[in-house]
Amino acid sequence: MIGEIGQRVEVNLDGLRIAGAAAWPAAERQLDDFPDKGEFFVVGWMAIEQGDATRIDQTVAAAKELDERRGLVGALTWHQPPKIGHLVRDWLVAPDAFKRYLAVGACLEHGVDPRQLLARLVKDADAQARAFALRLAGRLKRADLAREMAAALESEDEIVRLWAGWALTQLGSGDLARVELRKAAVAGGPDALIALRAAIKAGPEKDVRAWMGGLMQSVATAPLAVRGIGMLGDRSILPWLIERMKEPHVAVAACAAFLELFPEAREETKLFTIDPTELGKEFAKHFEEDVVRVALPDRVEEWRDPNRAT
């Protein structure tokens, strides 16, 4: 599926290559009308492709004003390193924190190590750029920056603390970040699952299981616990998960945990529904008009017998 999407994107980009400068009026109108991730991706990609420095600067300025980062990181990702190398080198040391963020994002997506510059970037004054740099350091397993990662756990910025903790887990030093990662996971937010996965990796497993047990005691945190239990990789818990699929407040998490443990079930569409009312009045009351994907426990039960883990 991802490969097919990539092919479709590449076909569309080929069309823009062929159109050249003639495509700019339409692309700019689209950006003016819908200044979102996709539109910034297209305009940013075109500006880089055509080597138009003025348009690159204009696009970066417009994205900065709206704090829309994803599209331009995507545009940088879609180009090969030789094409964007000069931009990334300049932006890594730019006074503009937004450009530093984009440059680190490009390094992260391409797996490029900015070497000595990264030591400075993991202490960047801008929280977003610093967090991205810590993420890059963790991905590259820059053990020489472990001290800086540990120091970042004391940052005032939650996003910096999260990625510092995540980076330490990549070095095998998650014990230093265990408290912070668990706190970030329970706090929720867009990166809660990343924090949860890192907290589980930080271990030890016995302690993680005890933490999950505590989370199960509260309706507010039980979904997080169910999701986390699925991340432990223990397929023998499927019967327990099936029971959780029958409970509205954790059903979505139970479905996600099931798919993590049994990715081969993704193709079994009969096991799932996006209409929770199929599971009865309690589900209808809990979800009301929400459209969510939940598993059908009876069908999962039938499915698991011939597919029981050995």
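Structure shown above.
Everything in this summary refers to the structure shown in the same document. (Residues numbered from 1 in each chain as written. Predicted model: local features only at pLDDT ≥ 70, side-chain atom pairs only at ≥ 80, totals over all residues. Heavy atoms only, no water.)

Details of the packing of helix α11 (residues 158-170) against helix α12 (residues 178-187)
- One can describe the packing of α11 onto α12 by two numbers: an axis separation of 9 Å at closest approach and a directional angle of 125°. As the angle between them shows, α11 and α12 are arranged oblique. Where α11 crosses over α12, the handedness of that crossing is left-handed. For the pair formed by α11 and α12, the contact residues are Glu158, Arg161, Leu162, Gly165, Trp166 and Thr169 on the first element and Glu180, Leu181, Ala184 and Ala187 on the second.
- Looking at the contact of α11 with α12 residue by residue, the class counts come to 5 nonpolar, 2 polar and 3 charged. (Axes fitted to C-alpha atoms, helices over the stretch in contact; angles between N-to-C directions. Helix = DSSP H or I, 4+ residues; strand = E, 2+ residues; numbered from the N terminus. Parallel < 35°, antiparallel > 145°, perpendicular 65-115°, else oblique. Left-handed = near helix turned anticlockwise from the far one by under 90°. Contact = heavy atoms within 4.5 Å. Nonpolar A, V, L, I, M, F, W, Y, C, P; charged D, E, K, R; others polar.)

Topic: the side chain of Arg100
- Relative to the helices and strands, Arg100 is located in helix α7 (residues 97-110).
- Since its relative accessible area comes to 13%, Arg100 is described here as buried.
- A distance of 2.9 Å separates a polar atom in the side chain of Arg100 from the backbone oxygen of Ala94.
- Leave out the neighbours within four places in its chain, and Arg100 touches Trp91, Leu92, Ala94, Pro95, Leu121, Asp124 and Asp126. (Buried < 20%, exposed > 50% of the residue type's maximum accessible area, 1.4 Å probe, protein only. Polar contact = N/O pair within 3.5 Å; in protein donor to acceptor, adjacent residues only side chain to side chain.)

With respect to empty space enclosed by the protein
- What the rule picks out here adds up to 1 cavity of 30 Å³ or more.
- Of the volumes computed, that of the largest cavity is approximately 60 Å³.
- If you go around the largest cavity, the residues you meet are Gly44, Ala47, Ile48, Ile56, Thr59, Val60, Leu72, Ala75, Leu76, Trp91 and Leu102.
- Of all the elements in the fold, those that place two or more residues in the lining of the largest cavity are α3 (37-49), α4 (53-66) and α5 (70-78).
- Class assignment for the residues of the lining of the largest cavity results in 9 nonpolar, 2 polar and no charged. (1 Å grid on protein atoms, 1.4 Å probe; cavity = no way out; pocket = protein on both sides within 12 Å on 5 of 7 lines; lining within 4 Å. Points joined across faces, edges and corners; volume = space filled by probe spheres on them.)

Things to note about the nonpolar core
- Core analysis: the largest hydrophobic core is formed by 90 residues, its most contacted members being Leu102, Met212, Leu241 and Phe258.
- Each residue touching Leu102, except ones within four places of it in the same chain, is listed here: Val60, Arg69, Leu72, Val73, Leu76 and Trp91.
- Counting residues in each nonpolar core, the second largest holds 5 residues, with Phe283, Phe287, Val292 and Val294 among its members. (Core = buried A, V, L, I, M, F, W, Y, C linked by side-chain atoms within 4.5 Å.)

Thoughts on the packing of aromatic side chains
- Overall, the coordinates contain 8 aromatic pairs when judged by the stated rule.
- On the basis of an interplanar angle of 90° and a centroid distance of 5.7 Å, the ring pair of Phe262 and Trp303 is categorised as edge-to-face. Here Phe262, found in the loop between α17 (248-261) and β1 (272-273), pairs with Trp303, found in helix α19 (residues 297-304); they are 41 residues apart in sequence, far enough to count as distant. Comparing Phe262 with Trp303 shows no difference in burial state: the two are buried.
- Taking 6.1 Å as the distance between ring centres and 25° as the angle between the ring planes, the aromatic pair formed by Phe283 and Phe287 counts as stacked. Pair noted here: Phe283 and Phe287 are both in helix α18 (residues 281-287), with a separation of 4 residues, about one helical turn. Phe287 matches Phe283 in its accessibility class, with the two residues each being buried. (Phe/Tyr/Trp six-rings, centres within 6.5 Å; stacked < 30°, edge-to-face > 60°.)

With respect to the environment of Glu180
- With respect to the helices, strands and loops of the structure, Glu180 is situated in helix α12.
- The sequence separation of Glu180 and Glu154 amounts to 26 residues, and the corresponding C-alpha distance is 9.6 Å.
- Filtering out sequence-adjacent residues up to four positions away, Glu180 remains in contact with Leu153 and Arg161.

Concerning the packing of α3 against α5
- For the pair α3 and α5, the least separation of the axes is 7 Å and the interaxial angle reads 40°. With respect to each other, α3 and α5 are oriented oblique. The chirality of how α3 crosses α5 is right-handed. Together, Lys37, Phe40, Phe41, Gly44, Trp45 and Ile48 of α3 and Arg70, Gly71, Leu72, Gly74, Ala75, Leu76 and Trp78 of α5 make up the contact between the two elements.
- Across the contact of α3 with α5, the residue classes tally to 8 nonpolar, 3 polar and 2 charged.

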